[in-house]
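Observations on chain architecture
Next come the chains, spelled out residue by residue.
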Amino acid sequence: MLKNALLVLAFACLALAAPNKPTIATQFESEVGVFVYEGDRSRTLRGGGFYAYDVPKNRARRDLKLENEDHQIEVDHILQRYDLGAEYIFEDRRCNKRRVSGAIPNPWSWLSNATYNGTVEFQGRKLDNWLASTTVNATLTITRVLGVLSDSVNTPVWYSERTVRGRVHDNMEITFFKFNASEPQDWAFTVPNICDNSTAVYDRLGGDANAVVYFANTNWNCADVACSQRVPAGSGQENYACAEFAARSLAAGSYIPGLASHDSSAAYGNYKGYNLRVTTSLSSCLGNVLGFKKQAANQGAINAAYPVFGDGGDGYFSHACIGVSSQHIDCHNNARYQMTGDWVFIKGIDAVWGP
């Protein structure tokens, strides 16, 4: 009797055991369908395209064509050649080239921490789900889910990524079609002629000015780093002051290596020995560490991704803002959106730094 009971228990445990964890190839190519929800802009995008990854050779390519709610087409073409130390972003018939270093990120590395999360019906198929949630800091959490068929666990069918920043969340879902777990052909990673150094738009510091502007224009009125509350124009922002806002805007455009726009305030308080939350220390870091060049200290020198320092009424170098277009800036403490430099710095501009 006891023996039979133990056998029943053993079979029950086997039935409840999680299936084998997926091991996805790091060399692959696949057609994909994509759905994106951008919480900060309250919009959705749908479309598809092609992915190619060759992690051992430090190469990747993403070609997507997406449509928004207004039926406008947006393209997302990125070629990553970490083996050449460069990333190529194609937009507006131009090639923007950025420097990169180290090894290309493995898109499946998160699976090492994933746990089995049951099954789900997806397009008429029953998928095993594997989930991993990463808390990057107090304001940022990323949750990833991979769905696979039980009889083909190493072939991805569906991937979901949910990013939560304070009260804002973004969702991305990818459906894999014709997943080919083999080394992609070299043509997939060929650098187009338009990206030759003679014609490429090459930011010397490897930054993306458009990303700086986007961050600044969507965070100028945040009361705190998590943007848990927004304030009216002209309001104070004691918990998210001017220098830190300018620095986070630059980090959003990859102008501060090793820092992300969502990193902790402590990380900004000690970056290579500089406190980027203090105007004078941020200015010194721009010139001494980050390779920015001083421009003429006047409104005419302001441009996108140019940090600007001056007297906002509390003395020399008492205020910092970030350029978002020619002669216009966004600021924190007090919250200002696309104002002219001379209007904000009522007692004079002390420094303008250009990347």
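Heads up: these notes are all about the structure in this document. (Residues numbered from 1 in each chain as written. Predicted model: local features only at pLDDT ≥ 70, side-chain atom pairs only at ≥ 80, totals over all residues. Heavy atoms only, no water.)

Turning our attention to the state of the cysteines. Applying the stated criterion to the full structure yields 2 disulfides. Here Cys222 pairs with Cys227 through a disulfide, and the sulfurs are 2.1 Å apart. A torsion of -75° about the S-S bond marks the disulfide between Cys222 and Cys227 as left-handed. With respect to burial, Cys222 and Cys227 carry one shared label: buried. Paired through a disulfide, Cys321 and Cys331 show a sulfur-sulfur distance of 2.1 Å. One quick way to see it: the torsion about the S-S bond of Cys321 and Cys331 is about 110°, and its sign makes the bridge right-handed. Of this pair, Cys321 sits in strand β15 (residues 319-325) while Cys331 sits in strand β16 (residues 328-331), and the two are 10 residues apart along the sequence. A relative accessible area of 0% means that Cys331 is categorised as buried. Cysteine Cys242 shares no disulfide, and the gap to the nearest cysteine sulfur, in Cys321, comes to 6.9 Å. Take Cys242: its relative accessible area is 9%, and that puts it in the buried class. Unpaired in terms of disulfides, Cys285 finds its nearest cysteine sulfur in Cys242, a separation of 16 Å. (Disulfide = S-S within 2.5 Å. Buried < 20%, exposed > 50% of the residue type's maximum accessible area, 1.4 Å probe, protein only. Helix = DSSP H or I, 4+ residues; strand = E, 2+ residues; numbered from the N terminus.)

So, about helix α5 (residues 279-288). Every buried residue of α5 is accounted for by Thr279, Ser281, Leu282, Ser283, Cys285 and Leu286. Looking at the packing, one finds that the buried side of α5 touches α3 (242-252), β14 (307-310), β15 and β18 (349-354). (Contact = heavy atoms within 4.5 Å.)

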